[in-house]
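Secondary and tertiary structure notes
If you want the building blocks of each chain, they are given just below.
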Amino acid sequence: MAAPLPLAPQGEDPTFAELLAGRPHLSLHPAEGLRVEEVPLARIAQAVGTPAWVYSAGALRSRARALKAALSAAGLDAGIHYAVKANANLAVLRVLAEEGLGADVVSEGELRAARRSGIPASAIVFSGVGKTERELRLALAEDILQINLESAEEAERLSALAASLGRVARVALRVNPDVDARTHAKITTGRSENKFGVALAEAPALYARLAALPGLRPVGVAVHIGSQITAGVSAFRDAYAALARLVGALRAAGLPVERVDCGGGLGIPYRDETPPPPEALAGAIRATLGGLGLPVMLEPGRWIAGPAGVLLASVILQKQGAPPVPAGGPRRRFLVVDAAMNELMRPAMYEAWHGILPVAPAAHAAPLSPADVVGPVCETGDTFARGRALPAMEPGDLVAFLDAGAYGATMSSTYNLRPLAPEVLVDGARFAVVRDRQPHEALFAGQRLPPWIGAPAPGGVS
Ligand SMILES: *Cc1c(COP(=O)(O)O)cnc(C)c1O
């Protein structure tokens with residue numbers, strides 16, 4: 001049996017109407033076409049051009065609130081530390097800061113973004129398997145809430161640094177519970193062969209070592225088992241149950257534990273997945289960790305930001321494929337759009353499926369036929385969808401790639417020297433450009449010729 005083509009998964013794709021029904025901040029206006037909240041995407045395209053990222057502030061707020069509500073309904077004392085790597089736009093962070101969310105950061109840049117957005121240092125967690133000395137110095141200087149340690153080696157390094165600066169770092173120990181989150185291999189992080197965390201069996205001795213080291217104060221334990229987890233809560237439950245047993249062992253050894261960090265990873269529906277709702281996650285936390293009497297922390301990224309954003313693009317042209325071999329049958333239809341893998345990397349990187357909706361109202365009632373939706377970049381992997389049912393489209397027609405609010409703009413590059421796309425925040429009937437399109441000059445900023453290589457003669461475009 002032939003393997004399924006990537007990006008054309010088994011089963012029926014959801015219809016346009018089904019995609020809209022699951023995304024309350026999107027709607028189809030009979031005259032204005034696809035809208036984010038009350039703003040037509042066509043109006044945004046006119047104002048900023050394409051490609052462009054468009055985020056819904058209302059969706060960000062309602063998702064943050066739904067998660068908070070689920071946690072408190074389960075009787076949990078829980079802090080939400082939004083994973084900045086999902087979407088690090090300062091306006092997005094500001095909206096979430098206003099909702100009272102803290103931050104989970106993995107670099108100096110993310111720590112600075114969180115602080116600039118008004119997230120207090122006392123609500124920031126620093127995660128990651130390889131924090132540099134410079135990053136740790138900044139975390140210590142800011143006196144952030146918690147640094148999650150991922151190895152004995154890192155603990156020794158941080159201890160020496162903190163002691164030399166006369167600081168005491170609050171640290172949590174990230175353990176690798178060796179559970180299978182049943183997600184894509186590139187985003188599973190909780191197996192023993194992954195680079196993350198320390199082995200569960202070695203955690204008690206290492207935690208005791210943390211308590212003995214100068215400059216460190218162990219405050220808890222942490223896990224993060226993967227991302228886009230949709231196959232029920234059993235992997236979360238297994239990981240949290242392991243954490244609960246670990247906390248029991250630490251307490252029995254007389255070691256202090258003040259909180260438990262449950263990580264992120266809750267998935268969202270891109271196509272036909274049915275991820276567990278936040279209530280189920282809260283239930284799993286309560287069932288496993290609820291008896292400890294400790295506050296818990298969550299680090300959601302995708303669940304908060306993913307559904308809140310779209311990538312808006314224009315059709316450049318529709319191209320007929322080569323005559324099929326063997327002869328007979330239709331040629332492939334390629335819709336070449338002005339967004340590419342350098343903007344939305346997920347299809348190329350994870351074989352991810354994204355809903356694609358035409359923006360024009362008439363296109364939602366037009367006959368459909370299969371199309372491969374591709375970008376202009378010189379890579380076959382620059383393919384957003386294969387055999388997707390879409391109407392006939394003309395150059396300039398707009399399409400929206402759905403659920404692009406997380407791991408979209410933050411994973412962008414300027415490959416093929418394509419400037420970074422602008423970001424727009426919609427809030428009710430208002431919208432604002434919250435990041436300009438990168439000018440071409442910026443692509444060359446900071447570059448210079450070595451003095452022994454002659455400069456070109458002046459003239460031409462620059
Ligand atoms: C990436 C990451 C997260 C967020 O993951 P999501 O799947 O976006 O919720 C949380 N914690 C850590 C340590 C991470 O690396």
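Source: prediction; values computed, not measured. (Residues numbered from 1 in each chain as written. Predicted model: local features only at pLDDT ≥ 70, side-chain atom pairs only at ≥ 80, totals over all residues. Heavy atoms only, no water.)

**Considerations on the domain arrangement of the protein chain**
As far as domains go, the protein chain holds domain 1 (16-56 + 306-443) and domain 2 (127-300). Spacing between the C-alpha centres of domain 1 and domain 2 amounts to 36 Å. On the domain 2 side, the residues contacting the 13 residues of domain 1 number 8 residues. Carbon and sulfur atoms supply 58% of the area that domain 1 and domain 2 bury against each other, a total of about 860 Å² over both sides. The interface formed by domain 1 and domain 2 holds 3 residue pairs in polar contact (both at pLDDT 80 or more) in total. With 3 residues, the single largest contributor to the side of domain 1 that touches domain 2 is helix 12 (residues 346-350). (Domains from an automatic or database assignment. Contact = heavy atoms within 4.5 Å. Buried area = accessible area lost by both parts, 1.4 Å probe. Polar contact = N/O pair within 3.5 Å; in protein donor to acceptor, adjacent residues only side chain to side chain. Helix = DSSP H or I, 4+ residues; strand = E, 2+ residues; numbered from the N terminus.)

**Overview of unusual backbone geometry**
For the peptide bond that leads from T50 to P51, omega is -5°, which places it in the cis range. Along the chain, P51 turns up in the loop between helix 2 (41-48) and strand 4 (52-56). The step from V325 to P326 runs through a cis peptide bond, and the omega angle for that step is -5°. With respect to the helices and strands, P326 occurs in the loop between strand 14 (309-320) and strand 15 (333-337).

**Quick look at the nonpolar core**
Of all hydrophobic cores here, the largest spans 137 residues; its most connected members are L41, Y82, I147, I285, L289 and F401. With 9 residues, the top contributor of residues to this core is helix 9 (residues 234-252). When we break this core down by domain, the ones giving at least three residues each are domain 1 (16-56 + 306-443) and domain 2 (127-300). (Core = buried A, V, L, I, M, F, W, Y, C linked by side-chain atoms within 4.5 Å. Buried < 20%, exposed > 50% of the residue type's maximum accessible area, 1.4 Å probe, protein only.)

**Points about the packing of helix 9 against helix 10 (residues 278-289)**
Two elements in contact, helix 9 and helix 10, have axes separated by 8 Å at closest approach and are oriented at 25°. On the basis of the axis angle, helix 9 is roughly parallel to helix 10. Note on packing geometry: the crossing formed by helix 9 with helix 10 is right-handed. Residues F236, R237, Y240, A241, L243 and A244 of helix 9 pack against L281, A284, I285, A287, T288 and L289 of helix 10. Of the residues contributing to the contact of helix 9 with helix 10, the split by class is 10 nonpolar, 1 polar and 1 charged. (Axes fitted to C-alpha atoms, helices over the stretch in contact; angles between N-to-C directions. Parallel < 35°, antiparallel > 145°, perpendicular 65-115°, else oblique. Left-handed = near helix turned anticlockwise from the far one by under 90°. Nonpolar A, V, L, I, M, F, W, Y, C, P; charged D, E, K, R; others polar.)

**So, the sheet that holds strand 1 (residues 26-29)**
Taken in spatial order, the 3 strands line up as 1-2-3 in an open sheet, and their pairing is antiparallel. Every other strand in the sheet has two partners, leaving strand 1 and strand 3 (39-40) as the edge strands with one partner each. In this structure, strand 1 lies alongside strand 2 (residues 33-36), joined through 4 bridges in antiparallel fashion. Paired with L28 across the bridge in strand 2 is L34. (Pairing = 2+ DSSP bridges.)

**Considering helix 3 (residues 57-73)**
Under the 1.5 Å per step criterion, the end-to-end length of helix 3 is 24 Å for 17 residues, consistent within 8% with the ideal 24 Å. Among all positions of helix 3, only A57, A59, L60, R61, R63, A64, L67, A70 and L71 are buried. Backbone geometry just after helix 3 places G75 at a positive phi near 75°. (Expected span 1.5 Å × (residues − 1).)

**Section: helix 6 (residues 133-142)**
Note that an α-helix has 3.6 residues per turn; residues three or four places apart therefore point the same way. Listed in full, the buried residues belonging to helix 6 are E135, L136, L138, A139 and L140. Looking at the buried residues of helix 6, the elements they touch are helix 5 (108-116), strand 7 (124-126), strand 8 (146-149), helix 7 (152-164) and strand 9 (169-176). One or two positions beyond helix 6, positive phi appears at D143, with a value near 55°.

**Let's talk about the site of the ligand**
The environment of the ligand is formed by 14 residues, the closest being K85, S227, E299, R302 and Y407. E299 places a polar side-chain atom, nitrogen or oxygen, 2.6 Å from a nitrogen atom of the ligand. For the ligand, an oxygen atom lies 2.9 Å from a polar atom in the backbone of G301. Across the complex, the protein chains shield 93% of the 390 Å² of accessible surface that the ligand would expose by itself. The cavity where the ligand resides is the largest pocket. (Near = heavy atom within 4 Å. Areas by Shrake-Rupley, 256 points an atom, 1.4 Å probe, with all protein chains shown as cover. 1 Å grid on protein atoms, 1.4 Å probe; cavity = no way out; pocket = protein on both sides within 12 Å on 5 of 7 lines; lining within 4 Å. Sits in = over half its atoms within 2 Å of the grid points.)

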